[in-house]
Amino acid sequence: MDQNGSQVPPFEPEEYARVEAAANIVGKSPEDFVRDAALKAANDPFLKALGRARDRVPQLAEVFATQDTRAADTSPGGWPDPAPMGSRDLHEFPHGHAA
């Protein structure tokens with residue numbers, strides 16, 4: 001066993017060919033390319049956030065469950081905004097030229 005624990009399974013031949021081609025483009029050996037990619041992925045802020053999501057989702061669900069669910073998007077009179085204009089509505093406006 002390696003000092004870092006068990007190794008990941010080897011690439012299939014077509015997978016290794018793609019890794020080798022990508023490594024050649026950036027001037028690295030396939031081993032260095034894979035190692036660098038794995039280390040960069042391990043430090044990715046998005047992946048770190050996903051890892052913390054397991055703890056945060058129950059907390060957020062509790063907060064959202066206690067929030068007011070009424071629509072916040074209403075006009076000052078309390079009525080929802082009207083539907084967007086259609087092509088028929090556009091024909092009713094005077095024809096002018098855009099600046």
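Before reading on, note that the structure itself is shown above.
Residues numbered from 1 in each chain as written. Predicted model: local features only at pLDDT ≥ 70, side-chain atom pairs only at ≥ 80, totals over all residues. Heavy atoms only, no water.

(A) Geometry of the layout of surface pockets. In this model, the largest pocket occupies a volume close to 340 Å³. What lines the largest pocket is Val8, Pro9, Pro10, Phe11, Tyr16, Pro30, Glu31, Val34, Arg35, Ala38 and Leu39. Take the lining of the largest pocket: its biggest share by element is six residues, from helix α2 (residues 30–42). Residue classes in the lining of the largest pocket are distributed as nine nonpolar, no polar and two charged. (1 Å grid on protein atoms, 1.4 Å probe; cavity = no way out; pocket = protein on both sides within 12 Å on 5 of 7 lines; lining within 4 Å. Points joined across faces, edges and corners; volume = space filled by probe spheres on them. Helix = DSSP H or I, 4+ residues; strand = E, 2+ residues; numbered from the N terminus. Nonpolar A, V, L, I, M, F, W, Y, C, P; charged D, E, K, R; others polar.)

(B) Representation of the pattern of salt bridges. Scanning the model with the defined rule gives three salt bridges in all. Across the pair Lys28 and Asp36 runs a salt bridge whose closest N-O atoms are separated by 2.6 Å. The exposure class of Lys28 is partly exposed, given its relative accessible area of 34%. Across the pair Arg35 and Asp36 runs a salt bridge whose closest N-O atoms are separated by 3.1 Å. By relative accessible area, which is 26% here, Asp36 ends up partly exposed. Salt bridges sharing common partners tie together Lys28, Asp32, Arg35 and Asp36. (Salt bridge = Lys/Arg side-chain N within 4 Å of Asp/Glu carboxyl O. Buried < 20%, exposed > 50% of the residue type's maximum accessible area, 1.4 Å probe, protein only.)

(C) Here's a closer look at helix α3 (residues 45–65). For α3, with 21 residues, the first-to-last C-alpha span of 28 Å sits near the 30 Å given by 1.5 Å per residue. At Arg54, α3 shows its maximal kink, close to 50 degrees; a proline, Pro58, follows between one and four residues later. By the N-cap criterion, in which a side-chain oxygen at the helix start approaches the backbone nitrogen of a residue two or three places on, α3 is capped by Asp44, the distance to Phe46 being 2.8 Å. (Expected span 1.5 Å × (residues − 1). Bend = angle between axes of the 7 residues up to and from the residue. Polar contact = N/O pair within 3.5 Å; in protein donor to acceptor, adjacent residues only side chain to side chain.)

(D) Spatial organisation of helix α1 (residues 13–26). Between its terminal C-alpha atoms α1 stretches 20 Å, which fits the 20 Å expected from 14 residues at 1.5 Å a residue. After α1 finishes, the residue Gly27 shows a positive phi value of roughly 75 degrees.

(E) Molecular detail of the environment of Pro30. Topologically, Pro30 is positioned in helix α2. Here Pro30 falls in the buried class, since its relative accessible area comes to 13%. Between the C-alpha atoms of Pro30 and Ala17, which are 13 residues apart in sequence, the distance is 9.4 Å.

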